[in-house]
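Each chain is listed here by its residues.
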Amino acid sequence: MMLPARLTSQIILNTWRLRHHGTCYSNLPSLSSNYLNNQRKTTASTHHPENSLQSWLLNPPTRLDATRKRLFSLSAAGIVNSAPTPMQPYLRLMRLDKPIGTWLLYLPCTWSIGLAADPGCLPHLGMLTLFGTGALLMRGAGCTINDMWDKDFDKKVARTATRPIAAGEITQMQALVFLGGQLSLALGVLLCLNYYSIALGAASLSLVVTYPLMKRITYWPQLVLGLTFNWGALLGWSAVIGSCEWSVCLPLYFSGVMWTLIYDTIYAHQDKDDDIRVGVKSTALRFQEQTKPWLSGFMVAMMSGLIVAGVNAEQTLPYYATLSTVAIHLTHQIYTLDINKPEDCWKKFVSNRNLGLLLFLGIVCGNLWKERRDTSLQND
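Predicted model only: the values in this text are computed from it and were never measured. (Residues numbered from 1 in each chain as written. Predicted model: local features only at pLDDT ≥ 70, side-chain atom pairs only at ≥ 80, totals over all residues. Heavy atoms only, no water.)

**Q** Sorry, what's going on with the UniProt feature "transmembrane region" (unreviewed entry) in the chain here?
**A** Under the UniProt annotation, the feature "transmembrane region" (unreviewed entry) is placed at residues 183-211 and 294-313. Along residues 183-211 the backbone is 79% helical and 0% strand, and the end-to-end C-alpha distance reaches 16 Å. In the segment residues 294-313, helix accounts for 95% and strand for 0%; the C-alpha atoms at its two ends are 29 Å apart. (UniProt positions renumbered as here; feature names shortened; annotations may be inferred. Helix = DSSP H or I, 4+ residues; strand = E, 2+ residues; numbered from the N terminus.)

Quick look at the structure:
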């Protein structure tokens, strides 16, 4: 049965728009809502095969919605929402739906592993994978500890009131058992390393446990977070080499701490009003309107440490070219920051993942360049 020419042309046009733009029919000017309603009424009033076909062709948004749902499920939040309902509070407790924290914990590890690679070689893929797993578990453990300490504070802040412990979805005892499971798995990862690295990794646990308390004591909890989050800058090198080369590892660690002071101060500006109300401290409250000069100082210190680490690791041109790009990124991030707009603070905060990946790429390229440089020297 042939379809009316007008209807056929509209179906072809809108099918093309749907495939190329993902636009729902209800938003298309060529098929108004009144027209669609009339078509559906016609379909309901008759069983004619032509009308049935028209109805089938005119109702593909269901397929579109299903496609969008499948695509959404590929995101971290989508994976958590697709998990069995009893698991979801635990996955949210370890912030699996917000992977930015895992990235910021993992990236200093990658820098150290990259710097420790042999000249002309790529970083050890097995170590990168192992440290990625460890970062996921330890970030989850740190968030669990944080939420156990901050349960009463979280209830008073709109952004954190829905966290599983504060919302009553998970009890303190359940969280403690879950924490034990995460730490046990993380210990399994740590035991895959050499003895030096096992001892060095275990030494960081005191920082992990005490960091959440610092906001009650000092206006510099971001400094303690920096000492905690950048421990991988020491551990990555020792895992590859067997011990730390302090002339490289300490400047790298120092730079990581300065980096954390930058991005977590920006992050803290989102919550400064709530922090005042509940009585917790942060560098955002300490610096207030002088935030940008402080962050600029941290940036200079960070870049200085990265230069020293590069010189001592005998890094090459690509590394230093990348450092200039990192400096430009940080300068733009700091001087376009609006500390009174939470959405801008969040945007600047999450951009630090790309900054960390850029630095890792510079380290890898600089290390590969070493072989070319050494070969050229030998030929001379």
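There's more to say after this.
**Q** Please explain helix α18 (residues 291-312) as it appears in this structure.
**A** For an α-helix, the turn length of 3.6 residues means that residues three or four places apart are oriented alike. When the terminal C-alpha atoms of α18 are compared, their 32 Å separation across 22 residues agrees well with the 32 Å that a helix rising 1.5 Å per residue should span. Residues of α18 that are buried: T291, L295, S296, F298, M299, A301, M302, M303, G305, L306, A309 and G310. Directly after α18, the chain includes E314, whose backbone phi takes a positive value near 55 degrees. (Expected span 1.5 Å × (residues − 1). Buried < 20%, exposed > 50% of the residue type's maximum accessible area, 1.4 Å probe, protein only.)

**Q** Help me understand the nonpolar core, please; the structure alone is not making it clear to me.
**A** One recurring pattern in soluble globular proteins: nonpolar side chains tend to sit buried together. Counting residues in each nonpolar core, the largest one holds 67 residues, and the members touching the most others are W111, F131, W259, M302, L306, L330 and L359. Ranked by the residues each element gives to this core, the list is headed by helix α15 (residues 246-268), at 12 residues. When near neighbours in sequence (up to four residues on either side) are disregarded, W111 contacts L252, G256, W259, G356, L359, F360 and I363. Counting residues in each nonpolar core, the second largest holds nine residues, with A83, L91, I165 and I170 among its members. (Core = buried A, V, L, I, M, F, W, Y, C linked by side-chain atoms within 4.5 Å. Contact = heavy atoms within 4.5 Å.)

**Q** Help me out: how do you make sense of unusual backbone geometry in this one?
**A** Leaving glycine out, the prevailing phi sign among residues is negative, and the prevailing peptide bond configuration is trans. Notably, Q288 is not glycine yet its phi reads approximately 50 degrees, a positive angle. Inspection of the secondary structure puts Q288 in the loop between α17 (283-287) and α18. Despite not being glycine, E314 shows a phi value in the positive range, around 55 degrees. You can see E314 is positioned in the loop between α18 and α19 (317-335).

**Q** Explain helix α13 (residues 221-229) here, please?
**A** Counting buried residues in α13 gives seven out of nine residues, a clear majority hidden from the surface. Looking at α13, one finds that the buried residues are P221, Q222, V224, L225, G226, T228 and F229. Elements in contact with the buried residues of α13: α7 (100-116), α12 (205-217), α15 and α17.

**Q** It is not clear to me how the packing of aromatic side chains should be interpreted in this structure. Could you clarify?
**A** Aromatic ring pairs are described here by two measures, namely the spacing of the ring centres and the angle between the planes. Enumeration over the complete set of coordinates arrives at 15 aromatic pairs. Summarising the aromatic geometry, the rings of W103 and Y106 are spaced 6.4 Å apart at their centres and angled 55 degrees between planes, so their arrangement reads as tilted. Of this pair, W103 and Y106 are both found in helix α7, three residues apart, which corresponds to roughly one turn of the helix. Residue Y106 is classed as buried on the basis of its relative accessible area of 16%. Measuring from ring centre to ring centre gives 5.7 Å for W220 and W294, while their planes differ by 70 degrees; the resulting arrangement is edge-to-face. You can see W220 sitting in the loop between α12 and α13 and its partner W294 sitting in helix α18, a full 74 residues away along the chain. Since its relative accessible area comes to 25%, W220 is described here as partly exposed. Look at W294 and you get partly exposed, because its relative accessible area is 32%. Here the aromatic residues W111, W259, Y263, Y267, W346 and F349 are joined through ring pairs into a cluster of three or more. Over the aromatic face of Y219 sits the side chain of K281, whose NZ or CZ is 5.7 Å from the ring centroid. Over the ring of W103 we find R353, and its NZ or CZ is 5.7 Å from the ring centre. (Phe/Tyr/Trp six-rings, centres within 6.5 Å; stacked < 30°, edge-to-face > 60°. Lys NZ or Arg CZ within 6 Å of the ring centre and 35° of its normal.)

**Q** How do you make sense of the pattern of salt bridges when you look at a structure like this?
**A** Side-chain pairing between opposite charges can occur once the charged atoms of the two side chains come close. Across all of its chains, the model carries nine salt bridges by this definition. Between D147 and R163 there is a salt bridge, with the nearest N and O atoms lying 3.6 Å from each other. Separated by 16 residues along the polypeptide, D147 in helix α8 (residues 125-149) and R163 in the loop between α9 (151-154) and α10 (172-190) bring together distant segments of the chain. The two residues D147 and R163 agree in class, both being buried. The residue R277 makes a salt bridge to D274 at a minimum N-O spacing of 2.9 Å. Taken together, the positions of R277 and D274, both in helix α16 (residues 272-278) and three residues apart, correspond to about one turn of that helix. (Salt bridge = Lys/Arg side-chain N within 4 Å of Asp/Glu carboxyl O.)

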